[in-house]
Amino acid sequence: MTGSPIIVALDGMTTREAILLTKDLKDLIHAVKVNALLYEGKWSLECIFSRFKSLGVKIFADVKLYDIPKTVRDSTNNFSRLGADYVSVSVRAGKEAVAAALTSRGDTNVLVHFSLTSRDAEGGRGLTIARTLMAVGLGAQGVIVPANEVPIVRSTLTVSKSDAAIVVPGIRPSWYGLADDQHRTATPREAIREGADLLVVGRPITCSSNPRDAAQKILEETLAARQK
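Description of the structure in this document. Keep in mind that this is a model prediction, so the values were computed, not measured. (Residues numbered from 1 in each chain as written. Predicted model: local features only at pLDDT ≥ 70, side-chain atom pairs only at ≥ 80, totals over all residues. Heavy atoms only, no water.)

## Examining helix α9 (residues 211-226)
Since one α-helical turn is 3.6 residues long, residues separated by three or four positions face the same way. In this model, α9 (16 residues) spans 23 Å end to end at C-alpha, consistent with the 22 Å of a helix rising 1.5 Å per residue. Those residues of α9 lying buried are Pro 211, Ala 214, Ala 215, Ile 218, Leu 219, Glu 221, Thr 222 and Ala 225. Taken end-on, α9 shows its buried residues confined to a sector of 160°, consistent with a single buried face. Where α9 is buried, its residues meet β1 (6-9), α1 (15-25), α7 (188-194), β8 (198-201) and α8 (203-206). (Helix = DSSP H or I, 4+ residues; strand = E, 2+ residues; numbered from the N terminus. Expected span 1.5 Å × (residues − 1). Buried < 20%, exposed > 50% of the residue type's maximum accessible area, 1.4 Å probe, protein only. Arc of directions from axis to C-beta. Contact = heavy atoms within 4.5 Å.)

## A word on the nonpolar core
Formed by 63 residues in total, the largest nonpolar core has its most connected members in Leu 10, Phe 52 and Ile 205. Counting residues in hydrophobic clusters, the runner-up holds 10 residues, among them Ile 7, Ala 9, Ala 31 and Leu 111. (Core = buried A, V, L, I, M, F, W, Y, C linked by side-chain atoms within 4.5 Å.)

## Overview of the packing of α1 against α9
It is at 10 Å that the axes of α1 and α9 come closest, and there the two elements cross at 50°. Our classification of the angle between α1 and α9 gives oblique. For the pair α1 and α9, the sense of crossing is right-handed. Two secondary-structure elements touch here, α1 through Leu 21, Asp 24 and Leu 25 and α9 through Pro 211, Arg 212 and Ala 215. Here the residues of the contact of α1 with α9 are counted per class, giving 4 nonpolar, no polar and 2 charged. (Axes fitted to C-alpha atoms, helices over the stretch in contact; angles between N-to-C directions. Parallel < 35°, antiparallel > 145°, perpendicular 65-115°, else oblique. Left-handed = near helix turned anticlockwise from the far one by under 90°. Nonpolar A, V, L, I, M, F, W, Y, C, P; charged D, E, K, R; others polar.)

## With respect to the side chain of Glu 149
Structurally, Glu 149 is set in the loop between β6 (142-144) and α6 (150-160). A polar contact is formed between the side chain of Glu 149 and the side chain of Thr 128, at a distance of 3.3 Å. Contacts of Glu 149, omitting those with residues within four sequence positions, involve Phe 114, Ser 115, Thr 128 and Arg 184. (Polar contact = N/O pair within 3.5 Å; in protein donor to acceptor, adjacent residues only side chain to side chain.)

So this is what it looks like as structure tokens:
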């Protein structure tokens, strides 16, 4: 994957703050990740999506859909209608729910979310392989995994001859110095070298005194890692 791999997580921000930040970063990032903004209630979803789209950035609706297949299908269709480029579905919803999301995705990429970076690893290598095979076997466009699972997922994708994207949250640059509430983290360089395609970065950018400078440093680190 070429271009910026950065997806900025806009958690904890008002819609206005998120739009202003995105406007400042739009040439340095691949997409914005929204979840709490979807439930803020002050702006309609149509308006929120329209404003981000007008800035030329992709939108990742990180809703981790976890419900019966019909509800997952309908929710995916709704986000597709709004113009989401990516929507997340929890692997815990099951094979039928993931399949349902894929039948109604339109042009939206379905990303299967495996586990939270704020929790310790679960299930081991075998579970990660099984989840990856399930996701790509159904035709999912990508998976969301903690950094420590990337090598397993990458090798499984290679064997499966799949071009599904690997999205990694919990990115913490070495200069940031904090793990916050994340247990499984990686620097941008580490994640890219292990085989990640897209990196979800929140507080190292959004809580920085100079978000643009922070995003620029992360982008430079990822581009350098790709050249190794």
